[in-house]
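Chains, contacts and geometry: an overview
The lines below spell out each chain.
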Amino acid sequence: MITSLILTFFMNVSIDPESVRYGDIDSFKEGDAIAVIDSKEVYKIFDEYKVIKKEKLQPGTARYNSLMSTCTKKYKKLLKRHASGRYVLVVEVGGVTDYKTTDITRTLIDLNRL
């Protein structure tokens, strides 16, 4: 089974579909706006993530899963709030090559503070 497909457009743009965090890769056309994000950096700002690290919680435990679920909901809400109407795709850093992107990691971190 192939675990990572790379979509290539006009022999220049490559997007790893597994790295897409927002948007529908099938609707992407060359010329559309793409943002990149370092999701790990965004997760670090959430209080629930800080608890996971402080308490050294292990994946699979009920507390870890509950806290991570809350983090993911916050992350998705922030991402949608900022990306909707601005970007066709938001892709994890490193998931796009040979295409102009905008890094929105810092923007999302700042939005969370509002």
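What you see is a predicted model, and the numbers here were worked out from it, not measured in a lab.

Bringing helix α2 (residues 47-54) into the picture now. Residues of α2 that are buried: E48, Y49 and I52. The arc that holds the buried residues of α2, viewed along the axis, is 100°, so those residues lie on one side. When the buried face of α2 is taken as reference, the exposed residues oriented beyond 90 degrees from it are D47, K53 and K54. One or two positions beyond α2, positive phi appears at K56, with a value near 50°.

Another aspect to go through is the confidence of the model for the chain. Here the chain shows a mean pLDDT of 89. Residues at 70 or above account for 89%. Within the model, pLDDT remains below 50 along residues 1-5, and this stretch shows six contacts once partners closer than five positions in the same chain are excluded.

Let's shift gears to helix α3 (residues 62-83). Helix length check: α3 (22 residues) gives 31 Å between terminal C-alpha atoms against 32 Å at 1.5 Å per residue, within 8%. Of all the positions in α3, only Y64, L67, M68, C71, Y75, L78, L79, H82 and A83 are classed as buried. On an axial view of α3, the arc spanned by its buried residues comes to 120°, and they lie on one face. Summarising the geometry of α3, the exposed residues directed more than 90 degrees from the buried face are A62, K73, K76, K77 and K80. Just downstream of α3, G85 is the residue with a positive phi angle, here 85°.

What counts and how
- Residues numbered from 1 in each chain as written.
- Predicted model: local features only at pLDDT ≥ 70, side-chain atom pairs only at ≥ 80, totals over all residues.
- Heavy atoms only, no water.
- Buried < 20%, exposed > 50% of the residue type's maximum accessible area, 1.4 Å probe, protein only.
- Helix = DSSP H or I, 4+ residues; strand = E, 2+ residues; numbered from the N terminus.
- Arc of directions from axis to C-beta.
- pLDDT = per-residue confidence, 0-100.
- Contact = heavy atoms within 4.5 Å.
- Expected span 1.5 Å × (residues − 1).

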